[in-house]
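# Geometric and topological summary
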Amino acid sequence: MPTRDKPKSAPLSVGQLAEKARTALNAGDFRDAVNDYKLLLKQEPRPDWRDGLTAAYAGRARELAAKGMLKEALVMWENRAALAPDLPMEADQLTLLARLGRFDALPAQLTDPKTPEALAERLHAVCWTGQPSTGPTTGGWIRS
């Protein structure tokens, strides 16, 4: 019995792909959002698409970290940093670095003017003690 190939759907227009990417991001489907925003940025380097991709990378990094896939999560954070070096490091990224024992990567954030003051205070404590601590953010900064 011959197999039938699935009919190929017409490629999405840029507008449709942009809507699909926004919908995926808003729905928390970060993997699809990453893929869609990357396709969009290959066509045109629009700031709103770059912002969407940075948000999708952050969301995907958090998902992976929650699953215990720490190295994969770090890759997502690094992709975000490469795409938008002007953005400050987020607490979840700092937490991940500490969980991975990458304390050597943390001190540079103390002097980075983009690092929010409250985050820098927590980071300072980690660098001085070598121990992650819980901060006042929702759910705690680092859980042991």
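As shown above, the structure is provided for reference.
All of the points below concern the structure found in this document.

### Re helix α2 (residues 30–43)
In this model α2 runs 20 Å from its N-terminal to its C-terminal C-alpha over 14 residues, within 8% of the 20 Å that 1.5 Å per residue would give. Among the residues of α2, F30, A33, V34, D36, Y37, L40 and L41 are the ones counted as buried. Residues of α2 that are buried make contact with α1 (14–27), α3 (47–66) and α4 (70–83).

### Notes on the packing of α2 against α3
One can describe the packing of α2 onto α3 by two numbers: an axis separation of 8 Å at closest approach and a directional angle of 150°. Taken together, the axis directions place α2 and α3 in an arrangement best described as roughly antiparallel. Like other packed secondary-structure pairs, α2 and α3 cross with a definite hand, here left-handed. Of α3, the residues touching α2 (which contributes F30, R31, A33, V34, Y37, K38, L40 and L41) are D48, W49, R50, G52, L53, A55, A56, Y57, G59, R60 and E63. Classifying every residue of the contact of α2 with α3 by side-chain character gives 11 nonpolar, 2 polar and 6 charged.

### What about the side chain of D36?
Its place among the elements puts D36 in helix α2. By relative accessible area, which is 5% here, D36 ends up buried. Those residues in contact with D36 that sit more than four places away from it in its chain are L17, K20 and A21.

### Quick notes on the nonpolar core
Within the largest apolar cluster, 28 residues are counted, with the highest numbers of intra-cluster contacts made by L25, A33, Y37, L40, W49, L53 and L96. Breaking this core down by element, the ones donating at least two residues are α1, α2, α3, α4 and α5 (91–99). Here this core gets 8 residues from one element, more than from any other, and that element is α3. Among all residues touching A33, those that are not within four sequence positions of it are A21, A24, L25 and A56.

### Details of the packing of aromatic side chains
Any aromatic ring pair is given by two values, namely how distant the centres are and how the planes are angled relative to each other. Using the criterion set out here, one finds 0 aromatic pairs in the structure. For the cation-ring pair, R46 lies above W49, with the distance from its terminal atom to the ring centre recorded as 4.3 Å.

### Things to note about the pattern of salt bridges
This model, assessed by the stated rule, comprises 9 salt bridges. Residues joined by salt bridges that share partners form a network here, namely R62, R80, E90 and D92.

Thresholds, definitions, all that
Residues numbered from 1 in each chain as written. Predicted model: local features only at pLDDT ≥ 70, side-chain atom pairs only at ≥ 80, totals over all residues. Heavy atoms only, no water. Helix = DSSP H or I, 4+ residues; strand = E, 2+ residues; numbered from the N terminus. Expected span 1.5 Å × (residues − 1). Buried < 20%, exposed > 50% of the residue type's maximum accessible area, 1.4 Å probe, protein only. Contact = heavy atoms within 4.5 Å. Axes fitted to C-alpha atoms, helices over the stretch in contact; angles between N-to-C directions. Parallel < 35°, antiparallel > 145°, perpendicular 65-115°, else oblique. Left-handed = near helix turned anticlockwise from the far one by under 90°. Nonpolar A, V, L, I, M, F, W, Y, C, P; charged D, E, K, R; others polar. Core = buried A, V, L, I, M, F, W, Y, C linked by side-chain atoms within 4.5 Å. Phe/Tyr/Trp six-rings, centres within 6.5 Å; stacked < 30°, edge-to-face > 60°. Lys NZ or Arg CZ within 6 Å of the ring centre and 35° of its normal. Salt bridge = Lys/Arg side-chain N within 4 Å of Asp/Glu carboxyl O.

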